[in-house]
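Each chain, written out:
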Amino acid sequence: MANELTNSEKFTNRELSWLDFDDRILSEARDANIPLMERLKFLSITSSNLDEFFMVRVASLKDQVNAGYKGLDIAGLTAREQIEAILAYTHEFVERQYTTYNRSFLPLLKNNGLKIISYFEDLNEEQSEYVDKYFRSEVFPVLTPMAVDSSRPFPLIRNKYLNIGALLQDKQNKNNVDFATVQVPSGLPRVVTIPTDEDGCSTVILLEQIIEKNIHRLFSGYKVLCATPYRVMRNADLPFDEDEAADLLIEIEKQLKRRQWGEPIRLEVEAGIDKQLLKVLKRELPINEESIYRIHGPLDLTFLMKVYNLDGFDHLKDKPFTPQQPKYLVPDIDLFEQIREHDILLHHPYETFDPVVRFIRQASQDPNVLAIKQTLYRVSSHSPIIASLADAAENGKQVSVLVELKARFDEENNIVWARKLEEAGCHVIYGLVGLKTHSKITLVVRREEDGIRRYVHLGTGNYNDTTAKLYTDMGLLTCKRAYGEDATAVFNMLSGYSEPLGWNKLTLAPQWLRDKFLKLIERESMNAAKGRAARIIAKMNSLCDKEIIEALYDASQKGVQIDLIVRGICCLKAGIEGLSENITVRSIVGTFLEHSRIFYFENDGTPELFMGSADWMPRNLDKRVEILFPVEDPVLKADVIEILNIQLSDTKKARLMRPDGRYEKVDMRGKNPLGAQETFCLMAIKNAKK
């Protein structure tokens, strides 16, 4: 039966699967059991997610259409068919976003003492005077109104920036109607607190409404016929030829400037926009009708994150969680000494990221440390790790850092850090031609009484102290010789052309990782076929690699029980008779972003456990430098297996995939309520008190 199924019956389209993930986030925003301000955050996240999706994924599909590419995706769809499906899905999705905002959030916020002005006409006299004064003193000096006529061409409208378009009638010549636009300044607060309403509610208004109310002041001599906010989304992929780039850093800097002016992909306008005004935007941008989104409310709901941060509403939020001291670390004892005694497992954000920061800082100051080598993909804007690496170089240590300049939307930040590190005397590598270096590894080389010892940190997430408080990730600190030798080989490969004859513990993409996973899956299939114990548990962000999926289907048909915990994209279909009836797929969407990658293989009763930086996606397996590492210490292995089992037992935040590809909440009948993330928080607190 499985062989008779078509691609569309066996696989889910990658883009539609991602949109389903954003829909799961939206369902959190609509969940009345979640504190109101936390729901606002989820709605804000759906908006920022959708922006990036259009700038990258939809843009890529449009490039394929423009290039005449006729290939089919994993589900058998052409690029044009995918775009049509995406536009149909997202128009309906945006409607539900704004239904949630207008019908749920606005009334609930007002009932809880916060009013968001929907229309500037709703202001009372005192508020209106305040807004006008605020405009004159704070906003007007910053604005640059731009008229369009025979002598002034249509301006370049920057990607993602909020603008207000207007039609102007010359008071002297009423037959003369011109278009004008003004960019809403990003340097000013978008959420502006104004005097309270008559009912005593704290009241805020959006910056674009303040400008719209006073836009006539920008065009003296003209009558403003209409004015409406609009926002354009552009192709933000960076097209550059690494082989032809003499200096990758300079080439990426040039391309970053072009990102603002890429091909228009999506236009957002307020519902009810004047037809003539919209006609001008459609012509000048230009953009097709199906890519225009008429919004019933304020454009760009990411402003809700600013609302979340307003003072006085903590009672509408979850109690903040403080990351705890790691279970296997003592704060005041030398870190290197503790790693020598035993491997250390880290589970963020339940356990603090501070030991990783401390690992680099201590190495930078330790006179016995000879060298530090590290890969950096995304780091925070005020990274203590960068500061420690710079200190290490200034202290005379050999510091080698691979800074991945091609980390999308972090290119500019990474360029700044790369230059800072170079100025401090670090040896900086700008990634590899044709590949992104996505692996998370640090090597510290230290001279000790018994000779040179290598300390290694391996992780599933970025060296980013900010996101480490928001993303769930795992890390391992070890000084075992086999890991140290492999870490040295990794950095020799990254900095030169040296390739080891073999590996002790680590497995790298793009050369070896795909084969490793396929062999591990095949082993489980063979064990099941022989009646031996066989099971696979795999946790990741995304699963869309066809070869891996087909191997999982084959394993399922041979009787392997496969439990997948996939946060986002999943092109595999679970529970289909004759194909995947032994496969379950669950997605957990909660307070923290599930980011760790963990892989368990039963191996006939002798389980093997791995963690790493790679998802089961073609880009991770074939186009990136990734690292998979085993967890071998029996105590640590038991801990990670417990983490997987708790996630498989989640009944609060987990959603299970149905055979038709849709997700639904776990059936609670006969089950105790259990939230994995809540459980991990409690476990971390309990362990820290021991």
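See the structure above.
Structure report, in brief. (Residues numbered from 1 in each chain as written. Predicted model: local features only at pLDDT ≥ 70, side-chain atom pairs only at ≥ 80, totals over all residues. Heavy atoms only, no water.)

Some details on the side chain of Asn603
- With respect to the helices and strands, the residue Asn603 is situated in the loop between strand 23 (597–601) and strand 24 (608–612).
- Among all residues touching Asn603, those that are not within four sequence positions of it are Arg523, Glu524, Asn527, Ala533 and Glu608. (Helix = DSSP H or I, 4+ residues; strand = E, 2+ residues; numbered from the N terminus. Contact = heavy atoms within 4.5 Å.)

With respect to the pattern of salt bridges
- Overall, the coordinates contain 41 salt bridges when judged by the stated rule.
- For Asp51, the salt bridge is made with Arg231, and the minimal N-O distance between the two is 2.9 Å. Within this pair, whereas Asp51 is found in helix 3 (residues 36–66), its partner Arg231 is found in strand 7 (residues 222–234), the two being separated by 180 residues in sequence. For the pair formed by Asp51 and Arg231, the shared burial category is buried.
- Note that Asp366 is salt-bridged to Arg446, the shortest N-O span being 2.8 Å. Note that Asp366 is positioned in the loop between helix 11 (354–365) and strand 11 (369–376) and Arg446 in strand 15 (residues 441–448), a separation of 80 residues in sequence. Residue Asp366 shares its accessibility class with Arg446, and that shared class is buried. (Salt bridge = Lys/Arg side-chain N within 4 Å of Asp/Glu carboxyl O. Buried < 20%, exposed > 50% of the residue type's maximum accessible area, 1.4 Å probe, protein only.)

A word on the sheet that holds strand 6 (residues 202–206)
- What the three strands build is an open sheet, ordered 1-6-5; its pairing is mixed. Of all strands in the sheet, those with a lone pairing partner are strand 1 (114–116) and strand 5 (191–194), marking the two edges. Each strand axis lies, on average, 30 degrees off the axis of its neighbour in the sheet, ignoring direction.
- As paired strands, strand 5 and strand 6 are joined by four bridges and run antiparallel to one another. Each residue of the ladder has a partner; that of Val191, found in strand 6, is Leu206. (Pairing = 2+ DSSP bridges. Axes fitted to C-alpha atoms, helices over the stretch in contact; angles between N-to-C directions.)

Looking at unusual backbone geometry
- Of note, the amide linkage connecting His348 to Pro349 takes the cis form, showing an omega dihedral of 0 degrees.
- Here Pro349 is to be found in the loop between strand 10 (344–348) and helix 11.
- Cis geometry marks the peptide bond from Ala509 to Pro510; its omega dihedral reads 5 degrees.
- Checked against the element boundaries, Pro510 lands in the loop between strand 18 (507–509) and helix 15 (513–529).
- Here the phi dihedral of Lys160 falls at roughly 70 degrees; this positive angle occurs in a residue that is not glycine.
- Tracing the backbone through its elements, the reader meets Lys160 in the loop between strand 2 (146–148) and strand 3 (162–170).

Quick word on the sheet that holds strand 9 (residues 292–295)
- The mixed open sheet is built from six strands, whose spatial order is 2-4-3-7-8-9. Of all the strands in the sheet, just strand 2 and strand 9 have a single pairing partner and so form its edges. Averaged over all neighbouring strand pairs, the angle between strand axes comes to 30 degrees, with direction disregarded.
- Here strand 8 (residues 264–270) runs beside strand 9; their pairing, made up of four bridges, is parallel. Across the sheet, Val269 pairs through a bridge with Arg294, a residue of strand 9.
- Of the strands in this sheet, strand 7, strand 8 and strand 9 are in contact with helix 3, which crosses strand 8 at around 140 degrees.
- Across the sheet, helix 4 (residues 79–111) is in contact with strand 8 and strand 9; its angle to strand 9 comes to roughly 15 degrees.

Here's the deal with the nonpolar core
- If you look at the biggest cluster of nonpolar residues, it comprises 122 residues, and the most contacted ones within it are Val307, Leu543, Leu552, Leu564, Leu572, Val585 and Trp616.
- Setting aside residues up to four positions removed in sequence, Val307 forms contacts with Met37, Leu40, Leu114, Ile116 and Val191.
- Judged by nonpolar contacts, the second largest core, of 86 residues, contains Leu335, Ala418, Ile429 and Met611. (Core = buried A, V, L, I, M, F, W, Y, C linked by side-chain atoms within 4.5 Å.)

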